[in-house]
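Spelled out from the first residue to the last, the chains are:
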Amino acid sequence: MDGYVTDDTLTRLARRTGLQTLSSKAGSFLGNNKRELHLFLESAGLPVVATELATTPEELGQALRQIKAAGFRSGVIKSGIGASGIGLVKVESLEDADAVTREVPDHFFFEGSCLVQGWLSPGSHGVIRVRSPSAQLFLSDDSIMIYDLTEQILSQSSVHEGNESTPPYLAERREWREELLRQAGVAARWLHGQGYRGTGSVDFLLVELEDGGADVYVCEINARITGATYPSVLARHFLPEGSRLLRNLRFETPLPGEDLIALLEKSGDLFRPGESETGVFPVNFSAGADGLVHKGQFLCLAHSTAGSHVLLEMAELDLPCSPDRH
């Protein structure tokens, strides 16, 4: 039995049904702990962004001042455990650190000390661009599989809005791909050692530098099903050698799910397994209180990156997308 995370509720359900959970509660908890992951990365000699630990709210101001002294203009405060932008506060300016820390809720310290880190951005430390690749994982008792490399599409609040695979820049710079896979392997073996089993991902920062090189940092591990898990499996199953683009689309005029699928079918863009090689695959619909679909996730399967982007553009024309499509 598996779920978003393995917690008390899932373990009780497993006992009542006579099943086992895929991962243990302890493995799920430890695998999602950003602080313990950071300490491991340091001990393993992998690159880490400038980081301070704050054990109480009162220590946040001093930690941010130390990040500023290291040459950063912005920073980020991360709770020990969090996901999808929850448990994360970006500090746009480090000029008044104490004022910022008053906005951090006490529950950030529920699982222990917080991470206070420098925010890498173009224009400082020789950085010209920051990318967000991610390695998708399967962990069993006796094996670790890295089955996809994607580029995360994130909002300004670091909320996941989609993925692209394979990122074109990794095809151009094979050495970057090799370094991502190397670090993903190190991080995945740590995750396996925590007792976690199931699907997961290793998220990275790939920082392109003025000298033409790049620094690769493990950003976090998601020891759970993520927004990329199911779409990556679908893409590898139906078009293993192709390209995929997953995007969230919000609708100006909410519709029943069957109407949205009918619109894609009428335009000829709908992907039909066994009948079409490429197309748009509706993955997930989010309904409102009216029972209509207000937002959906759409997987564009094509033979090339350019082809998947064309399919997305066609879907936006076919469907009643709002100007703020995401």
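Keep in mind the model is a prediction, meaning the values are calculated, not measured.

Asker: Quick question: what am I supposed to make of the overall build of the protein chain here?
Answerer: A count of helical and extended segments in the protein chain gives ten helices and 13 strands. For the protein chain, whose C-alpha radius of gyration is 21 Å, the value lies close to the compact-globule estimate of 20 Å for 326 residues. Structurally, the protein chain occupies a C-alpha span of about 60 × 55 × 45 Å along its principal axes. Counting all 326 residues of the protein chain, 47% fall into the buried class. Sequence separation of 24 or more characterises 64% of the internal contacts of the protein chain that already satisfy a separation of 6 or more. Of the roughly 15,600 Å² of accessible surface on the protein chain, 52% is carried by carbon and sulfur atoms. Of the charged side chains in the protein chain, 29 are positive and 44 negative; the average position of the first set lies 3 Å away from that of the second.

Asker: In this structure, what is going on with the sheet that holds strand 2 (residues 75-78)? I would like to understand it.
Answerer: Two orientations exist for strands paired in a sheet by backbone hydrogen bonds: parallel and antiparallel. Taken in spatial order, the four strands of this open sheet run 1-4-2-3, and their pairing is antiparallel. Two strands lie at the open edges of the sheet, namely strand 1 (51-54) and strand 3 (88-91), each paired on one side alone. Averaged over all adjacent pairs, the angle separating strand axes in this sheet is 20°, with direction ignored. Examined bridge by bridge, strand 2 and strand 4 (residues 114-118) share four bridges and lie antiparallel to one another. Looking at strand 4, one finds that Val-76 is bridged to Gln-117. Against the sheet, helix 3 (residues 34-43) touches strand 1, strand 2 and strand 4, its axis set at about 55° to strand 4. Packed on one face of the sheet, helix 4 (residues 60-69) meets strand 1, strand 2, strand 3 and strand 4 and runs near 25° to strand 4.

Asker: Looking at this model, I keep getting lost on helix 4. Mind explaining?
Answerer: Count 3.6 residues to each turn of an α-helix, and residues three or four apart come out pointing the same way. Within helix 4, burial applies to Leu-60, Gly-61, Ala-63, Leu-64 and Ile-67. For helix 4, the angular spread of the buried residues around the axis is 165°, confining them to a single face. Packing partners of the buried residues in helix 4 comprise strand 1, strand 2, strand 3, helix 5 (97-101) and strand 4. Gly-71 sits one or two positions beyond helix 4 and adopts a positive phi of about 100°.

Asker: Would you mind going over the environment of Gly-200 with me for this structure?
Answerer: Along the polypeptide, Gly-200 turns up in strand 9 (residues 198-209). For the pair Gly-200 and Lys-266, spaced 66 residues apart in sequence, the C-alpha to C-alpha distance is 36 Å.

Asker: Would you mind showing me how to read the nonpolar core here?
Answerer: One broad rule of soluble globular proteins: the nonpolar side chains tend to lie buried together. Within the largest apolar cluster, 25 residues are counted, with the highest numbers of intra-cluster contacts made by Leu-170, Leu-191, Val-202, Phe-204, Leu-206 and Ile-221. Contact partners of Val-202, with chain neighbours within four places excluded, come to Pro-133, Ser-134, Ala-135, Leu-137, Ala-184, Ala-187, Val-218, Glu-220 and Ile-221. The next biggest cluster of nonpolar side chains, apart from the first, holds 22 residues, and it includes Ala-54, Ala-63, Val-116 and Leu-120.

Asker: What is the right way to read the side chain of His-38 from this model?
Answerer: By the element assignment, His-38 lies in helix 3. Look at His-38 and you get buried, because its relative accessible area is 7%. Excluding residues that lie within four positions of it along the chain, His-38 makes contacts with Val-48, Val-49, Thr-51, Leu-115 and Gln-117.

Asker: Before we go on, may I ask you to explain the pattern of salt bridges in this structure?
Answerer: Where charged atoms of side chains with opposite charge meet at close range, the side chains can pair. According to the stated counting rule, one finds 13 salt bridges in the structure shown. Two residues, Lys-25 and Asp-8, come together in a salt bridge whose shortest N-O distance is 2.7 Å. Of this pair, Lys-25 sits in helix 2 (residues 25-31) while Asp-8 sits in helix 1 (residues 8-17); the two residues are 17 residues apart in sequence, bridging distant segments of the chain. Of the residues examined, Asp-8 reaches a relative accessible area of 40% and is grouped as partly exposed. The salt bridge involving Glu-220 is made with Lys-34; its shortest N-O contact spans 3.2 Å. Remark: Lys-34 occurs in helix 3 and Glu-220 occurs in strand 10 (residues 214-222); sequence separation between them is 186 residues. The same class applies to Glu-220 and to Lys-34, which are both buried. Linked through salt bridges whose partners overlap, the residues forming this network are Arg-129, Arg-131 and Glu-208.

Asker: Looking at this model, I keep getting lost on unusual backbone geometry. Mind explaining?
Answerer: Where the residue is not glycine, phi is negative for most of them; where a peptide bond is considered, it is trans in most cases. Backbone torsion omega between Ser-165 and Thr-166 reads -5°, so that peptide bond is classified as cis. With respect to the helices, strands and loops of the structure, Thr-166 is situated in the loop between strand 8 (160-165) and helix 6 (168-172). Backbone geometry places His-125, a non-glycine residue, at a positive phi of 55°. Along the chain, the position of His-125 falls in the loop between strand 4 and strand 5 (127-131). Residue classification places His-125 among the partly exposed residues on the basis of a relative accessible area of 43%.

Asker: I would appreciate a short explanation of empty space enclosed by the protein in the present structure.
Answerer: Gaps between atoms show up when a probe of the same size as a water molecule is rolled over them. Taken as a whole and judged by the stated rule, the model has two cavities of 30 Å³ or more. Counted as a void, the largest cavity has a volume near 50 Å³. Contributing to the lining of the largest cavity are Asp-148, Ser-165, Ala-235, Arg-236, Leu-239, Pro-240, Gly-242, Ser-243, Arg-244 and Leu-301. Elements supplying a minimum of two residues to the lining of the largest cavity: helix 8 (229-238) and strand 11 (243-255). Looking at the lining of the largest cavity, its residues break down into four nonpolar, three polar and three charged. Its boundaries defined by the atoms lining it, the second largest cavity holds a volume of some 30 Å³.

Conventions and cut-offs
- Residues numbered from 1 in each chain as written.
- Predicted model: local features only at pLDDT ≥ 70, side-chain atom pairs only at ≥ 80, totals over all residues.
- Heavy atoms only, no water.
- Helix = DSSP H or I, 4+ residues; strand = E, 2+ residues; numbered from the N terminus.
- Rg over C-alpha atoms; globule rule 2.2 N^0.38 Å.
- Buried < 20%, exposed > 50% of the residue type's maximum accessible area, 1.4 Å probe, protein only.
- Contact = heavy atoms within 4.5 Å.
- Areas by Shrake-Rupley, 256 points an atom, 1.4 Å probe, with all protein chains shown as cover.
- Lys, Arg positive; Asp, Glu negative; His and termini not counted.
- Charge placed at Lys NZ, Arg CZ, Asp CG, Glu CD.
- Pairing = 2+ DSSP bridges.
- Axes fitted to C-alpha atoms, helices over the stretch in contact; angles between N-to-C directions.
- Arc of directions from axis to C-beta.
- Core = buried A, V, L, I, M, F, W, Y, C linked by side-chain atoms within 4.5 Å.
- Salt bridge = Lys/Arg side-chain N within 4 Å of Asp/Glu carboxyl O.
- 1 Å grid on protein atoms, 1.4 Å probe; cavity = no way out; pocket = protein on both sides within 12 Å on 5 of 7 lines; lining within 4 Å.
- Points joined across faces, edges and corners; volume = space filled by probe spheres on them.
- Nonpolar A, V, L, I, M, F, W, Y, C, P; charged D, E, K, R; others polar.

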